[in-house]
Amino acid sequence: MPDDLTLPPRPDFFPAPGGALPQHWSKCFGCGDDQPAGMAMTFTAGEGLEVSGRLTVAQRYQGGPGVIHGGILSVAFDEVQGMACMVLGGPVVTGHLEIDFARPIPLGSVLEFRARIDGMVRRKVYTSAEARIVEGPTAGDTVVATSRGLFLTIKPEHFAPMADFVDGVPVSPFGTSSL
Ligand SMILES: CCCCCCCC(=O)SCCNC(=O)CCNC(=O)[C@H](O)C(C)(C)COP(=O)(O)OP(=O)(O)OC[C@H]1O[C@@H](n2cnc3c(N)ncnc32)[C@H](O)[C@@H]1OP(=O)(O)O
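The shown structure was predicted, so the numbers you read here are calculated from the model rather than taken from an experiment. (Residues numbered from 1 in each chain as written. Predicted model: local features only at pLDDT ≥ 70, side-chain atom pairs only at ≥ 80, totals over all residues. Heavy atoms only, no water.)

With respect to the overall build of the chain
Piece 1. Of the regular secondary structure elements, the chain holds 1 helix and 6 strands.
Piece 2. When the helices and strands of the chain are read in sequence order from the N terminus, they spell out β-β-α-β-β-β-β.
Piece 3. Expected size for 179 residues packed as a compact globule is a radius of gyration near 16 Å; at 16 Å, the chain falls within 12% of this value.
Piece 4. Across its three principal directions, the C-alpha atoms of the chain cover 45 × 40 × 30 Å.
Piece 5. Taken across its 179 residues, the chain has 45% of its residues classed as buried.
Piece 6. Surface summary for the chain: the accessible area is close to 9,000 Å², and the carbon and sulfur share equals 54%.
Piece 7. Separation of charge centres in the chain, based on 13 positive and 19 negative side chains, amounts to 3 Å. (Helix = DSSP H or I, 4+ residues; strand = E, 2+ residues; numbered from the N terminus. Rg over C-alpha atoms; globule rule 2.2 N^0.38 Å. Buried < 20%, exposed > 50% of the residue type's maximum accessible area, 1.4 Å probe, protein only. Areas by Shrake-Rupley, 256 points an atom, 1.4 Å probe, with all protein chains shown as cover. Lys, Arg positive; Asp, Glu negative; His and termini not counted. Charge placed at Lys NZ, Arg CZ, Asp CG, Glu CD.)

Examining the site of the ligand
Piece 1. Around the ligand sit 16 residues, and of these Asp78, Gly95, Arg122, Arg123 and Lys124 come closest.
Piece 2. Between the ligand and Arg122 there is a distance of 2.7 Å, counted from an oxygen atom to a side-chain nitrogen or oxygen.
Piece 3. One of the side-chain N or O atoms of Arg123 is found 2.7 Å from an oxygen atom in the ligand.
Piece 4. Bound to the protein, the ligand loses 53% of the 1,200 Å² it would expose on its own.
Piece 5. Those elements that place two or more of their residues in the shell around the ligand are α1 (70–84), β3 (92–101) and β6 (143–153).
Piece 6. A per-class count over the shell around the ligand returns 4 nonpolar, 7 polar and 5 charged. (Near = heavy atom within 4 Å. Polar contact = N/O pair within 3.5 Å; in protein donor to acceptor, adjacent residues only side chain to side chain. Nonpolar A, V, L, I, M, F, W, Y, C, P; charged D, E, K, R; others polar.)

Encoded structure:
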């Protein structure tokens, strides 16, 4: 990470710690409540710049026998780290995401993710997150996976060329962080 990073303030519009964060787009595969094939993640604001997210590891998320698919876990990190960027009050997209898969995660587990912005420079937003199993046979304090991600702030027009491909009725502004 660069050493000239700054941290954004926690804005007044952000929910109080424990308050629910809204989904950023109802058709989102990660969090949308109008996406039957999706992962239906939910998010709450934490202290400072932290947000937390929950994912129930459905049977259909199987990768190796009995365990979550690594790509599904990556989606969850992408989503929760993107939600941490909601404090900025404007849209972001993922530029780079890297995951460490530390422990097997059994199907049926409930995962809790904690994510935050570690710093910003220009349009670059550096984030990190970790996951723990909070329900299931291997639940505990052990960190089962970690992630670091670079998000880029964008203008809402970023999505304009995609308007013809949207599956569903766009909310305004769609595909963005909006509180
Ligand atoms: C609430 C929200 C939840 C969202 C959860 C889900 C989020 C998603 O999955 S978004 C979908 C997946 N991501 C995408 O579709 C993004 C596709 N990529 C793009 O559109 C572009 O590459 C984009 C916008 C990321 C960057 O392009 P552009 O705006 O032209 O930026 P550009 O000028 O090249 O780079 C800006 C800076 O970022 C850096 N940068 C850009 N991409 C990367 C990268 N992959 N790795 C490292 N650095 C990068 C550049 O080096 C530059 O740095 P500096 O300021 O130091 O010169």
